[in-house]
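Here are the chains, one letter per residue:
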Amino acid sequence: MAETTHTEFTPNTAPEGEVTDLGDLDEKARLGAPSGAIDRSAAIDGFTEQGESLSAQNAGSEQLGLKKHSHGNAPVVPEASRGERRRSFDLADFPTLTGLEEDWRFTPLKRLRGLHTEELNGSAPSIEVTGAGNVTVETVGRGDARLGASATPEDRVSAAAWHTFTEATVITIPKETVADGEVMVSVTGTHAEAAAQHILITAEAFSKAVVVIDHHGSATLAQNVEIVVGDGADLTVVSVQEWDDDAVHVSSQQAKIGRDARYKHVVVSLGGDLVRLTPSSIFTAPGAEVEMYGLYFADAGQHLEQRLLVDHAVPNCKSRVTYKGALQGAGAHTVWVGDVLIRKAAEGTDTYETNRNLILTDGARADSVPNLEIETGLIEGAGHASATGRFDDEHLFYLMARGIPEVTARRLVVRGFLNEVIQQIKVPSLEERLSESVERELAAGNL
Amino acid sequence: MSTLEIKDLHVSIDTEQGNVPILKGVTLTINTGETHAIMGPNGSGKSTLASTIAGHPRYKVDGGTITLDGEDVLSMSVDERARAGLFLAMQYPVEVPGVTMTNFLRTAKTALDGEAPSLRHWTKDVKTAMAQLRIDADFAQRNVNEGFSGGEKKRVEILQLELFRPRFAILDETDSGLDVDALKVVSEGVNREHSKGEMGTLLITHYTRILRYIKPDFVHVFVAGRIAEQGGPELADQLEAEGYDRFTAQTPVEA
Ligand SMILES: Nc1ncnc2c1ncn2[C@@H]1O[C@H](COP(=O)(O)OP(=O)(O)OP(=O)(O)O)[C@@H](O)[C@H]1O
Ligand SMILES: [Mg+2]
């Protein structure tokens, strides 16, 4: 049986005494404050921690234990700390990609259709904003002073997009305004040439809104979504990727979080040949809370990658990250990298991140890399869990032995698994649509 | 009345060391209303028999037949067998990620009956059955078998037996891992269903203690993939007193 899961686990630069039990596979990988804020949640059966599959039938094909990742023969360029990654508006600051960079090592560059090498001067997907009501929507030139004020590119494609875009869509929820309804940003691609796009979403102080960025059609798109969550604001941003089969989409979605703000970010990646999202939440003042959810369903040949960053740079903020992925079909590949940074000043931080993957067929591969860096011991709690499980013959047998046909059995499992994330969207019409999309994905896999 | 008939069944499994024969000619007939106990030492092939009846893909049938009222069970898929009325309470029920008990039970019932159960009655039936088996109400919202103790898993198997109402129930060591109280509760569940007179029962067990609660009509001693001896309930008492030694001694141990 081919290798189906792979997980690397990187205990990073935590001060001595704060790394607990990293070598113990029976425990959830867990880094915690010495205060004893260690919580050991029960493991889900059918899942094993850190990417190993439970099924006895798969024994031997799985890689047990914590290990260093190797990817081809060439060494990956190491990074001392996630916090030291280069950030710049200048494309020249990012060398040409080789695929050996820490943050590109899982991405098949050949399939980027030139996003990392070419001028991004194709026509960008069209944007139509509806449901705005009391929300301001503008199209502005690249010279607008608000653009780039809150987010700085962290990789070459993001810098290239910044370098090239000509006009940006700016959505502003005015101060103390509760948006009338969901703001739907419909992004429709019609061209295959590499293009750049910039979107700025600002939730001003004490405003409240749900903004859905809904990607479909065909495109080769480098995109920056810049998000500002003002003091006391409550913003939900949902990014849905239901692209056509050939689309390539690389999107940086950086959010700057103000004092006592609430921010929820939801990623739903279903369609496209290669989708690579890098959502970040950067705390800039105390008292804020962030939830980041993700749902991805990769079928044969699809590459769906999500690399997120939660940057706890200030005291007393809270973050929760939950990403769930399902994979089916030969060559389905998903990548989840969850970087959580608790900087020296970030006392009182409370953070937990989880990634779970469900492999439905042979030949699919889920990479899952949680990475927690802790520079202060004075925190409420910090932990992470990563588990990749296989829906195996024993699960199927159990359900079928109760009269449930195979197709229904698989649906039952996947729906149950992914529902947790869909339920977080809280836009009923969208939840319904996405549930249906998931069903379609399942059906398309001939399961 | 229904009949489940097993004739000269030969079953093997493929292992890394090659093909290993496990069942070597099993013949057994169960009618509605009857309770047959199969007793035998560890590794004698009891679970293999149970899993083969249910259609587990790991077991290869090399010869013999299984029929349900004359219908060829071996040609049915796993779910078809269940819909035909066969139910296996498993020795080691698996935990199914992502599926709540409620959702699972309703989906299974719908598949078995060919139509969704009336919601009002169904909810009540589930609640009542859970209460009788002393299963906490909050289990309904938990994922199937996830984090359940060994005893809880067994109770949930019997819960399904009572809700799905099969024509033939095969209980694979449902008694093992149960304390006395749980054993009673579970046995009562089986007896409740059996007393309706519409079910035949194949009770696989290693120990005689469950036979104090569930009275078998026939006892079969299973050794090395065959039925070595059969008789009435008195055979169980004899086994309790003498153990399996007499039978295992008769059968040369295979390497
Ligand atoms: N998947 C398997 N791989 C290898 N050997 C197996 C497998 N399943 C069963 N066997 C072997 O087949 C034989 C019969 O096993 P089976 O589980 O049917 O016995 P059993 O009578 O149910 O035992 P127990 O009382 O321990 O439940 C044993 O020797 C067992 O090791
Ligand atoms: Mg057994």
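In what follows, the accompanying structure is described. All figures in this text were calculated on a predicted structure; none of them were measured in a lab.

Reading guide: rules and limits
Residues numbered from 1 in each chain as written. Chains lettered and ligands numbered in written order. Predicted model: local features only at pLDDT ≥ 70, side-chain atom pairs only at ≥ 80, totals over all residues. Heavy atoms only, no water. Contact = heavy atoms within 4.5 Å. Buried area = accessible area lost by both parts, 1.4 Å probe. Salt bridge = Lys/Arg side-chain N within 4 Å of Asp/Glu carboxyl O. Polar contact = N/O pair within 3.5 Å; in protein donor to acceptor, adjacent residues only side chain to side chain. Helix = DSSP H or I, 4+ residues; strand = E, 2+ residues; numbered from the N terminus. Pairing = 2+ DSSP bridges. Axes fitted to C-alpha atoms, helices over the stretch in contact; angles between N-to-C directions. Buried < 20%, exposed > 50% of the residue type's maximum accessible area, 1.4 Å probe, protein only. Arc of directions from axis to C-beta. Near = heavy atom within 4 Å. Nonpolar A, V, L, I, M, F, W, Y, C, P; charged D, E, K, R; others polar.

## Brief notes about the interface of chain B and chain A
On the chain A side, the residues contacting the 32 residues of chain B number 19 residues. Across the chain B/chain A interface, buried area totals approximately 2300 Å², and carbon plus sulfur atoms make up 70% of it. One can count two salt bridges joining chain B with chain A. When the shortest N-O distance is used, the salt bridge between Glu157(B) and Arg402(A) registers 2.6 Å. Summed over the shared surface of chain B and chain A, the number is ten residue pairs in polar contact (both at pLDDT 80 or more). Among the elements that line the side of chain B that touches chain A, the one with the most residues is helix H3 (residues 101-113) of chain B, at six residues.

## Observations regarding the sheet that holds strand E9 (residues 218-223) of chain B
Residue and element names in this part refer to chain B. Strand order in the open sheet made by the six strands is E6-E7-E8-E3-E9-E10, with mixed pairing throughout. Strands with a single pairing partner mark the edges of an open sheet, and in this sheet they are strand E6 (86-89) and strand E10 (226-231). On average, each strand axis in the sheet is inclined to that of its neighbour by 20°, with strand direction left out of account.

## Concerning the environment of Arg415(A)
Summarising the element assignment, Arg415(A) is placed in helix H3 (residues 406-422). For Arg415(A), a relative accessible area of 37% translates into the label partly exposed.

## A word on helix H7 (residues 233-242) of chain B
Residues and elements named next belong to chain B. Listed in full, the buried residues belonging to H7 are Leu235, Ala236 and Leu239. Seen along its axis, H7 keeps its buried residues to an arc of 105°; they face one direction. The outward face of H7, more than 90 degrees from its buried face, is lined by the exposed residues Asp237 and Ala241.

## A short note on the site of ligand 1
Residues and elements named next belong to chain B. In the neighbourhood of ligand 1, 15 residues make up the surrounding shell, with Asn42, Gly43, Lys46, Ser47 and Thr48 lying closest. Contact between ligand 1 and Lys46: an oxygen atom at 2.7 Å from a side-chain N or O atom of the residue. One of the backbone N or O atoms of Ser47 is found 2.8 Å from an oxygen atom in ligand 1. Contributing elements (two or more residues each) for the shell around ligand 1: strand E1 (3-15) and helix H1 (46-54). With three residues, H1 is the largest single contributor of residues to the shell around ligand 1. Of the residues in the shell around ligand 1, the class split is four nonpolar, eight polar and three charged.

## Some details on the pairing of strand E3 (residues 35-39) of chain B
All names here are of chain B. Taken across its five residues, E3 has five buried, putting it largely inside the fold. When E3 meets E9, the two strands line up parallel, connected through four bridges. Note that in E9 the partner of Ala37 across the bridge is Val219.

Interpretation note: all reported values are geometric properties and have no functional meaning in isolation.
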